[in-house]
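Given next are the chains, with one letter for each unit.
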Amino acid sequence: MKIKESEYVKGSVSYDTMVSEGMPEFLFCGRSNVGKSSLINKLTNRKNLARVSQNPGKTQLINFFLINKSFYFVDVPGYGYAKVSKAMKKTFGGMIEEYLEKRVSLKIVFLLVDFRHKPSEDDVLMYEYLKYYNKRVAIIATKADKVKNKDRKTSIDVIKETLKLADDDYFIITSAEKGTGIDEILDLIERNL
């Protein structure tokens, strides 16, 4: 599949302000600074569709991007060490929880983890939360260009063991820098439209 058209539609602060249901949706979530925006930009072949920032916590809305006029990418605020207030973190959590509980158009959740590091406690909690709600999950290991070939198997094993991945979970190694794994993600999306 090729992405030929992509546009930012809206950012929402609550469930009732989100785009209308109907088209398939693919959610991108993960720690602040894990590379969600960079990955969305690489998938769409657009430099600035999703805002990339050196400062964690830049995404503060649930953002909807219309892709090929037929489905949505959904980008949610990162969790973890974002420099935002506790009240704001609670708001983020409530927005994401409501989205995950109610949204029927959601096809797959892309849970991004940093390939260089053991998944954090927050990553584990998010994975368990998604499985609790019976969401289809694809683990996307980002920043693979920063891991030496000799260390890759160890990184894969650590991620799979820490998250206790289910057999039916997808696992894709990516690099927004090099384009690694992009075709795999696009194929997975196409199979789930």
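Residues numbered from 1 in each chain as written. Predicted model: local features only at pLDDT ≥ 70, side-chain atom pairs only at ≥ 80, totals over all residues. Heavy atoms only, no water.

Asker: Please give an account of helix H1 (residues 36–44) that cites residues and values.
Answerer: Summarising burial for H1: seven of the nine residues are buried, a large majority. Buried within H1 we find Lys36, Ser37, Leu39, Ile40, Asn41, Leu43 and Thr44. Looking at the residues trailing H1, positive phi occurs at Asn45, about 60°. (Buried < 20%, exposed > 50% of the residue type's maximum accessible area, 1.4 Å probe, protein only. Helix = DSSP H or I, 4+ residues; strand = E, 2+ residues; numbered from the N terminus.)

Asker: Which residues make up the environment of Ser6, and what values go with them?
Answerer: Looking at the secondary structure, you find Ser6 in strand S1 (residues 6–12). For Ser6 and Leu49, which are 43 residues apart along the polypeptide, the C-alpha to C-alpha distance reads 7.9 Å. Residues within four places of Ser6 in sequence aside, it is in contact with Thr44, Arg46, Leu49, Leu66 and Ile67. (Contact = heavy atoms within 4.5 Å.)

Asker: Could you give an account of unusual backbone geometry, with specific residues and numbers?
Answerer: A positive phi angle, close to 50°, is found at Asn68, a residue other than glycine. Relative to the helices and strands, Asn68 resides in the loop between strand S3 (62–67) and strand S4 (71–75). A positive phi angle, near 65°, is found at Lys143, a position not held by glycine. By the secondary structure assignment, Lys143 is in the loop between strand S6 (137–142) and helix H4 (152–163).

Asker: Go over the sheet that holds S6 with me, naming the residues and quoting the values.
Answerer: Here seven strands make up an open sheet; going across it, the order is S1-S3-S4-S2-S5-S6-S7 and the pairing mixed. The open sheet has two free edges, formed respectively by S1 and strand S7 (170–173), since each of these has just one partner strand. Taking each pair of neighbouring strands and ignoring which way they run, the sheet shows an average axis angle of 25°. Pairing between S3 and S4: five bridges, direction antiparallel. Pairing of Phe64 across the sheet is with Val74, part of S4. Docked against the sheet, helix H3 (residues 121–132) engages strand S2 (25–30), strand S5 (106–114) and S6, running at close to 165° with respect to S5. (Pairing = 2+ DSSP bridges. Axes fitted to C-alpha atoms, helices over the stretch in contact; angles between N-to-C directions.)

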